[in-house]
Amino acid sequence: MTPDLVLLTRVAYRDREIAGVRLRDLLALLAGDLRTGCGTGRLIEALWPDARPENPPKALQILVSRARTRLGDVVARTPTGYRLTLTDDQVDSSAVLIRAAAAARCARAGDHAAALAHAAAGLALWHGHVPGTAEDDSRLAALRAERRTAHRALARARALALARLDRYAEAAEPLAELAVQRPRDEEILVELLRCEAATAGPATALTRFDNYRRRLRDDLGTDPGPAVQAEHRRLLQGLTPRVRHGVAHEPNPLLGREKDIAAVEALLRTSRVVSIVGPGGLGKTRLANAVARRAELPTVTVVPLAAVGPGEVAGEVAAAAGAQLLVLDNCEHVAADVAGVVSDLVASTADVRVLTTGRTPLGLSSEAVYRLPELSLPDGVALFEQRARAQRPGADLPADAVEQVCRHLDGLPLAVELAAARIRIMSVTELAGRLGDRFAVLRGGARDAPPRHHTLHAVVDWSWNLLDPAGRAAMRALSVFPGGFTVEAAERLLGGDPLLLLEHLVDHSLLKVSDTPAGTRLRMLETIREFSAAQPGATDVTGEFLGWAREFGLTHHARLFGPDPYASAVAAKAEQENLQHALRLAVDRDDRPTIAAIAAILGGRWMLDSDYPRLTQLTRQTSWPLSHYRPDPEHVEVTRTALVLALATTFGTEGPRPVRAAVALRRLGPAAPDTLPAAVDRVIAAVRDPAQLHRLCESPEPLLSSVANTLISYHREAAGDLDGALKTARRALDESTGLNLPWQRSAGHCRVAELCLHLEQGARARDHLLAALPALERLGAQSTVAGARTWLVLANLQLGDADEAERRLEEATAVAYAEELESHSIGYDLGVRAELAFARGDVDEGLRLWRRVADQLRDAGQAYGVIDPWVVEARSVTVVAHARHGRLDPVADLVAALPGRLLDLLTHPLEHPPPYLIEQTICGTMLLAVATADLTRPDRATAAARMIALAERFRVLRNFQPTMSAATARADACRADRRAYEQAVSSYAHLAGDGLRAVAAQALRSRL
């Protein structure tokens, strides 16, 4: 990222030069204290050290004004002085400090590649210039002089990182220069000795060591430190000839394994025996050879055992006698023999290290196991592109399609290479479409690869054939879990006590173990799961699997909305993929008890997550079987929960209308409203009777009253009564206070916060969101959490706190990235970023982002078959923003389309709008957009001022500020024609409902 403000080598803001000594010094002073800024007194003293102006505060104000004219709102007032509104990475003099600290931190953690990247990025801020001493006493020169220390630290970090990444030729010269500058820096000396030994030979490095030792004794009467002496001993050992037997060199670069190589090397320094373990095709052999090539030991021997049978291992290993590092490759099929030979070898000599590869550990007390992970997605993509271009250099490799292919390949390098080989005759898109049968497609490996690596099927089959019948049967049974499983779930399917069997499968690298928020889970790579499921003789465990799913739903559904929902919420999230698979099987079998149990737990989980698209799909999938189900007593309440969730989903998206779920609920009979599902059932049943619904709002049962008041708040919002909606939402929250229902209370806080945002009560919205977040985070409701955090950004923008808004935006983005969440409102995050840009004074960026939103929504317009409020809001805000800044031309198509769409909505209102569609407020938002655009035309200014008053009567969505600020809209109207605006406010005050619509429709027709 290029900094906006450059001070180290020149003085420029966004590549525009800034002249004037005093102005430059002002920027240097503020950049030196970027976080806190500078007080007025300090600025005056530093800027006018000799001759003070007549009125120093006024002179400073004028200088700041000049800065703002040149740079925009970059200089902000503080209670005591001024500060820059830029972040650390936007100012090069601060960015270098960040880079220096990051390089040091990464170096301490052993991540030398990252340390090098930070050091190089920091040094690049000087553009090749080396900072010298200050030539004058200006504040700018002083700032540059202060940063010389950071430059030296970055140069040192870069040189050390290059050496530690074995880039000796690049590191030798800068290290030699640093050794002259820092003759007592032994960390520099150690790496310089290594570099010189590798580039000029051990003798040159030994000469440097002797010179250093002699100077140290003469000057200080002491010896070199332990690290330098250890390097000296290594250099002496390096004079011994290096012998390598059977070590393979890479035919092409080994991608994505730098950290794994370092981890194995670290284990070899502390353990006599190290085993690299993992499934076939993961690259264990290549990793072991890479470690062998880099080993500093004099004698290294690699012994391949793939073609060696039982009883032959000792003879093969005997030929490698004398090796300091012995690498035994592909040990899984002779693991017992290898374990015996290695145990004897380790016991007989202290001079040998053994590195093995296989799909199972040896099980020795002297052994350290390194379970090789799959390639990350970025590394898999890089490998695919490398190998595909080797097959067909001119092939088109669209990034999205390549990523889609690599997501199906489990991070197995062999699978990636086999897939890339298909690019010889097909496109990436065609390949992606064929990966449903990966074993048929992924075949035809390189001729220099072993036969078992010529097809993906052969790789997995090699592991399969090493299992005994019990292991194979277990793999076939457990393959029914697409999302992994717990030990308890495995017990349900396998029966008895399967712990030893599961450990056996883990040892063979056929199951992976991971610790998750839901506890310890086991899973198969998808490749292995598909292979296991396709094996003949598989026992049908569908019945047991559905029994597990049914029991899971019965156990957890009621807890989700109860006083202690956290463990069940996390468990449901972990089992989500398995439950979806079980639901498909249950629907196929018309297993209605299981359908009810799964629908209750999945629906509850997705309700926590505000995942309405999935809830809608679940409702459609289960509607018929649940509406025709007459449950036994054990399944009545779980069925009620499933039906209530279906009814609430339908009601929330399509409004109150007869649905199967409502009929089925009546058939179940009433239940005491002492649970949230039962209370929701009672309230929705009263929707068509306003008197009964209002009686429920006054119910002495707080849960029933809370749910009823929540529903009433939506009714009042739909009618344009935002104040009434907020009042009832607050009452709903108050009623839930003593219930100890975390989700209900968090949802109440979010509802109040939503209405506060609409009413421009940013501080209250912020407080309610902060109150909701702890429980939502514990529930693992990451989609809801991301939404609440985004609302926090908007609340802080309403309050004018751009710094806090930006911090909250980073938090929201981090949540979405960590969970790979997809926003249900396309472009919403871009709209938030646009408003943050406006708050920072970057008009161009704000308008650009809103145009991106509009482009992404160009073909959108409906949600669940009716108007999509987000699409309407986004298009309206885009028009308002561009009109307010006098740049309507880029959005002329939106401006032209708005009046017709609004007139159609005014004259043809929906008969039964769903609760989420606040139709009146949408009309008001569109009216404001039309009016703001009209303000740019003098012949329409008076009518536009009146239309702004009309829009305010409808109410306007005020979420996106500063653009949609009510105060700004009023100011715009008053500038255009204050009298017309104030008269319109008065004349429209009595209008409501159809009358309000009629006046708005007439106003639109009169402008055409």
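Everything discussed here concerns the structure shown above.
Residues numbered from 1 in each chain as written. Predicted model: local features only at pLDDT ≥ 70, side-chain atom pairs only at ≥ 80, totals over all residues. Heavy atoms only, no water.

(A) Molecular detail of the pattern of salt bridges. Across all of its chains, the model carries 58 salt bridges by this definition. We note a salt bridge from Asp507 to Arg371, for which the minimum N-O separation is 3.8 Å. Remark: Arg371 occurs in strand β12 (residues 367-371) and Asp507 occurs in helix α24 (residues 499-507); sequence separation between them is 136 residues. Of the charged contacts in the structure, one is a salt bridge between Arg884 and Asp972, with a shortest N-O distance of 2.9 Å. Here Arg884 is found in helix α43 (residues 869-884), whereas its partner Asp972 is found in helix α47 (residues 966-988), with 88 residues between them in sequence. Since its relative accessible area comes to 23%, Arg884 is described here as partly exposed. Salt bridges sharing partners connect three or more residues here, namely Arg156, Arg164, Asp166, Arg182, Asp185, Glu187, Glu191, Arg194, Glu265 and Arg294. (Salt bridge = Lys/Arg side-chain N within 4 Å of Asp/Glu carboxyl O. Helix = DSSP H or I, 4+ residues; strand = E, 2+ residues; numbered from the N terminus. Buried < 20%, exposed > 50% of the residue type's maximum accessible area, 1.4 Å probe, protein only.)

(B) A look at the packing of aromatic side chains. Taken as a whole, this structure holds eleven aromatic pairs when the rule is applied. Considering the side-chain rings of Phe481 and Phe545, the 5.2 Å spacing of their centres and the 90° angle between planes classify their relative orientation as edge-to-face. Highlighted residues: Phe481 in the loop between α22 (469-478) and α23 (487-494) and Phe545 in helix α26 (residues 542-556), separated in sequence by 64 residues. Of the two residues, Phe481 and Phe545, both sit in the buried class. Relative to Phe960, the ring of Trp850 has its centre 5.2 Å away and its plane inclined at 80°; by these criteria the two rings are edge-to-face. Of the two residues, Trp850 sits in helix α42 (residues 843-856) while Phe960 sits in the loop between α46 (941-954) and α47, which places them 110 residues apart along the sequence. (Phe/Tyr/Trp six-rings, centres within 6.5 Å; stacked < 30°, edge-to-face > 60°.)

(C) Just empty space enclosed by the protein, in detail. The tally for this structure, following the rule as stated, stands at four cavities of 30 Å³ or more. Quantified by volume, the largest cavity comes out at close to 60 Å³. What lines the largest cavity is simply Pro279, Gly280, Arg359, Leu412, Val459, Val460, Ser463, Ser509, Leu510 and Ile528. Tallying contributions element by element places helix α21 (residues 456-464) first for the lining of the largest cavity, with three residues. (1 Å grid on protein atoms, 1.4 Å probe; cavity = no way out; pocket = protein on both sides within 12 Å on 5 of 7 lines; lining within 4 Å. Points joined across faces, edges and corners; volume = space filled by probe spheres on them.)

(D) Structural view of the packing of α23 against α26. Close contact between α23 and α26 brings their axes to 9 Å; oriented N to C, the two are set at 140°. Classified by the interaxial angle, the pair formed by α23 and α26 is oblique. In this structure, α23 meets α26 at a crossing whose hand is right-handed. Contact residues: α23 offers Ala489, Arg492 and Leu493, while α26 offers Glu544, Phe545, Gly547, Trp548 and Glu551. Its residues assigned to classes, the contact of α23 with α26 comprises four nonpolar, one polar and three charged. (Axes fitted to C-alpha atoms, helices over the stretch in contact; angles between N-to-C directions. Parallel < 35°, antiparallel > 145°, perpendicular 65-115°, else oblique. Left-handed = near helix turned anticlockwise from the far one by under 90°. Contact = heavy atoms within 4.5 Å. Nonpolar A, V, L, I, M, F, W, Y, C, P; charged D, E, K, R; others polar.)

(E) Representation of unusual backbone geometry. A cis geometry characterises the amide bond from Gln961 onward to Pro962, with omega recorded as 25°. Structurally, Pro962 can be placed in the loop between α46 and α47. Residues other than glycine seldom take positive phi values, yet Asn740 does so here, at roughly 55°. Although it is not a glycine, Arg955 sits at a positive phi angle of roughly 85°. Along the chain, Arg955 turns up in the loop between α46 and α47. For Arg955, a relative accessible area of 23% translates into the label partly exposed.

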